[in-house]
Structure formats: C-alpha cells, structure tokens
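# An overview of the molecular structure
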Amino acid sequence: MRIDGTPISDRSVYFIAEAGVNHNGDLQTARRLIDAAVESGADAVKFQSYVAEELVASDAPKAEYQDEAVEEKSQLEMLREYELSRDEQRDLISYCDEVGITFLSTPFDRESAAFLDECDVDAIKIGSGELNNYPLLETVAAMDRPAIVSTGMATMSEVVDAYEIFAEAGTDDQLVMLHCTSSYPASIEHVNLRSMRAMDDALPIPIGYSDHTQAVETPALAVAAGATVIEKHLTLDRSMEGPDHQASMEPDDLSESISLARTAAVARGRPDKRVTPPEEEIKFVARKGLYAREPVEAGQTFTREDVAIKRPARGLPPTEYETVLGSRAATTLERDDPITESAVDSPESE
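First, a word on what this report is: a plain description of the structure on this page. Position numbers for residues count from 1 along each chain, tracking the sequence in the order it is written. At least 70 in pLDDT is required for a residue's local features to be given in this predicted model, at least 80 for side-chain atom pairs to be given and counted, and no such filter applies to totals for whole chains, interfaces and linings, which use all residues. Hydrogens and waters are ignored; side-chain quantities use all the structure's heavy atoms.

### Topic: the layout of surface pockets
Heads up, the rule is: Using protein atoms alone on a 1 Å grid, points that fit a 1.4 Å probe yet trap it form a cavity, whereas open point sets bounded by protein on both sides within 12 Å along at least five of seven lines form a pocket; residues with an atom within 4 Å of a point count as lining. Grid points are joined across faces, edges and corners, and a volume is the space filled by probe spheres set on the points. Secondary structure follows DSSP: runs of H or I at least 4 residues long count as helices, runs of E at least 2 residues long count as strands, and numbering of each begins at the N terminus. Following the grouping adopted for this structure description, the nonpolar residues are Ala, Val, Leu, Ile, Met, Phe, Trp, Tyr, Cys and Pro, the charged ones are Asp, Glu, Lys and Arg, and the polar ones are all others, Gly among them.
Estimated volume of the second largest pocket: approximately 360 Å³. Asp-10, Asp-200, Ala-225, Gly-226 and Arg-268 are the residues nearest the centre of the second largest pocket, which is lined by 17 residues in total. The dominant element in the lining of the second largest pocket, judged by the number of residues it contributes, is helix α9 (residues 195-202), at three residues. Within the lining of the second largest pocket, the residues separate by chemical class into eight nonpolar, four polar and five charged.

### Here's the deal with the nonpolar core
Filter applied, for reference: Among the buried residues, those of types Ala, Val, Leu, Ile, Met, Phe, Trp, Tyr and Cys that are joined through side-chain atoms within 4.5 Å form a nonpolar core. Only protein chains enter the accessibility calculation, which uses a 1.4 Å probe. A residue is then buried if its area is under 20% of the maximum for its type, exposed if over 50%, and partly exposed in between. Working rule for contacts: check all heavy atoms of both residues, and any pair within 4.5 Å makes them a contact.
With 63 residues, the main nonpolar core has Phe-47 and Met-177 as its most contacted residues. Take this core: its biggest share by element is six residues, from helix α1 (residues 27-40). Non-local contacts of Phe-47, meaning those with residues more than four positions away in its chain, are made with Ala-19, Gly-20, His-23, Ala-30, Ile-34, Leu-84, Leu-92, Phe-103, Leu-104, Ser-105 and Thr-106. Core analysis: the second largest hydrophobic core is formed by 14 residues, Leu-290, Leu-316, Leu-333 and Ala-343 among them.

### Here we look at the sheet that holds strand β5 (residues 102-107)
The line we're drawing: Paired strands, in this sense, are two strands between which DSSP finds at least two bridges. Axis definition: a line fit to C-alpha positions, over the contact stretch in the case of helices; interaxial angles, taken between N-to-C directions, run 0 to 180 degrees.
One open sheet accounts for eight strands, arranged β5-β4-β3-β10-β9-β8-β7-β6; its pairing is parallel. Two strands bound the open sheet, and with one partner strand each, they are β5 and β6 (124-126). Sheet twist, expressed as the average angle between the axes of neighbouring strands with direction ignored, equals 25 degrees. Summarising the sheet, strand β3 (residues 14-20) and strand β10 (residues 229-233) pair through five bridges and their orientation is parallel. Looking across to β10, one finds that Tyr-14 is bridged to Val-229. The strands touched by helix α6 (residues 110-118) are β4 (44-49), β5 and β6; relative to β5, the strand with the most contacts, the crossing angle is about 160 degrees. Set on the sheet, helix α8 (residues 156-169) makes contact with β7 (147-150) and β8 (175-180); between it and β8 the angle comes to about 165 degrees.

### Notes on the pattern of salt bridges
Note that side chains of opposite charge can pair when their charged atoms are close. Threshold: We count a salt bridge whenever a side-chain nitrogen from Lys or Arg sits within 4 Å of a carboxyl oxygen from Asp or Glu.
Per the stated rule, a full pass over the model turns up 14 salt bridges. Note that Glu-53 is salt-bridged to Arg-80, the shortest N-O span being 2.6 Å. Here Arg-80 lies in helix α4 (residues 75-82) and Glu-53 lies in helix α2 (residues 52-55), a separation of 27 residues in the sequence. The class for Glu-53 is partly exposed, based on a relative accessible area of 44%. Taking the shortest distance from any N to any O, the salt bridge between Arg-145 and Asp-117 comes out at 2.7 Å.

Here it is in structure tokens:
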C-alpha cells in the first residue's frame, strides 16, 4: 500500500500533521500550517471537509473541551466559522502540491467525500466519530483509493465491522486503521497502546495511531509498539482560540516528535530474531569454542580436565561439550588448540 508514492510499511512510519480546524477558518493561517508541517518533516498535512449544517443539528451541544475553548458560540456557530469553502480547499490542495507535501482531509458527509474524490486526493481520512457511519464508509470504500480510519471510542467488534465494509468492497488492501483515544488532550494512562496489538491480530491490514496526548514522545512509543502511521495535531500557537489547539503541538515540538518517531521506526526493525551484520564479527570474538586445556595425545579419551571453553569461537561450540567428553582424540592437540570436528573420533569410527 502506498499513499502518494510513499509505502506504508513496518520498516518506516508515515506521519500525518493534523491541521484540522486549527486554521480557525482563515486561509492564510491554513497555508502557514502547511508550511509548518513541511518544515517539521511530516509526510502529509490533513484538514477537514464538511458543511456545518450537514454535520450538526442546530441545537447540538459542544463537548466539554470545546465549550472551555470556545465559550460563547454553539457547536454549529463554531463549525460555520471554521468551515473551509470548496474553493479554499482547492487552493490548499494546489499549495500542498507546490510545497511538496501530501494533502489529506477528513470528510464528514458523503457529499464532502465525493468532492475530495473529484479533487483526486491521494487518500481519504475518516475520523473516529464516523466509524459507525456506514453510508459514509461505503462511499469511501467504493472509491478504491487509500483510506485511513480512526477508531477512537470503539470496541473491537465495531472496528471489525467497519473493516468488513472495505473488505466487502474489495478495497481493504488500501486500508489503514488507527488506534485512538478520543479525548482532548488525552492522558497517558488512557492511551493503551497495546490495543494496536489486538487490532493487528484481528485485521490483515496496517495499524497505526492517532495521538491526542501533549507528549512529544507518545508517537515514538506507538511506533515502537507497532504503528506504521501516526497522526498528530498541529497548531501554530496553543494559546489560540479554538477547540483543538490545546491538544495540538506547536511546530518545534512536532518536529521533535516526528524525529523521535522516525528513530523508533528504524529501531523497531524486523519482527524476527536474527544476527545483524555488525554482530557477525563480534560473535566470533565474544562467543566461545572448545579448546584443549593441556596437550592431548591421539587416541586419548577426553575428560573434563582436558577440555576448556574459551574465546574466540574456534572449533566446536560449547553446546558440544558433553558430546566431546568420553570421545577419543583423532589427532594430537597442544594446549589451546581448538577442538574441531575432525579432532574428535566419532562413535562410528571406533
């Protein structure tokens, strides 16, 4: 699976800077967020595509964290203020192409998803709140383009049910699902990164993590735990008015977080246990072999007094120690000569 030519692989990490609505409805601020994402080293920058009246009812309450950040507006008024027009989104898509970063967006309705499809975006991101919005999932699954689906507030059965929509459409080979804790900001004790292991065991697709903590280290911890895609909120200034700024990272912190995550991806390595190339030389020096403790005559039976275990790893390995004891020497050995296979008579030769 690739997004805009970049492979989604357990040998690396794909990092999404979540601009969301942290532009506060201002196109120039949105462009500055794109610049910050580029400078931080992110692979993609993500916005939100919606029509406020289609997203929430007129009397919809705000979440507590939203109410604390934006006190005097209803949720509908807040979303209207932060809504980007279709033309503004096209502008941002062009600007991302110009500066060399992948544009992503989260649609909250089928019409917005269709708009993104018409714009030929490289992938569609589905937010946690839409995990059980089957009409939207079915619309996106039918597009046959990469999809990234967050799973905050969900049980495993809900995650599997959402996955099945893409499987039935035959596009699950283009799907990534992200573990997420839908709290803003999320506390470390609620992150539960081991959920990714359960998702990985249950689903034959890449698994990632959408982070709402304020810690720069959390994405790296998630990568070490198996995440191949990371999403992290970006703001120009945490003190700005708006619902998501407090759970977001300023550019310098995001840059550090991305660097740590990429280091973790390198350190994570392969899922098997093997000897690395640099270890081969050290292995010979640090491991041991069987040696003659004192001179041994040909035909002499090896006893514990005759066999030493020393560095380096010449001759037979220590695993053969008990096999050598009681065998006869096939050749004469001097002190510290390695006991090789040819230096020991096999039982068949007796």
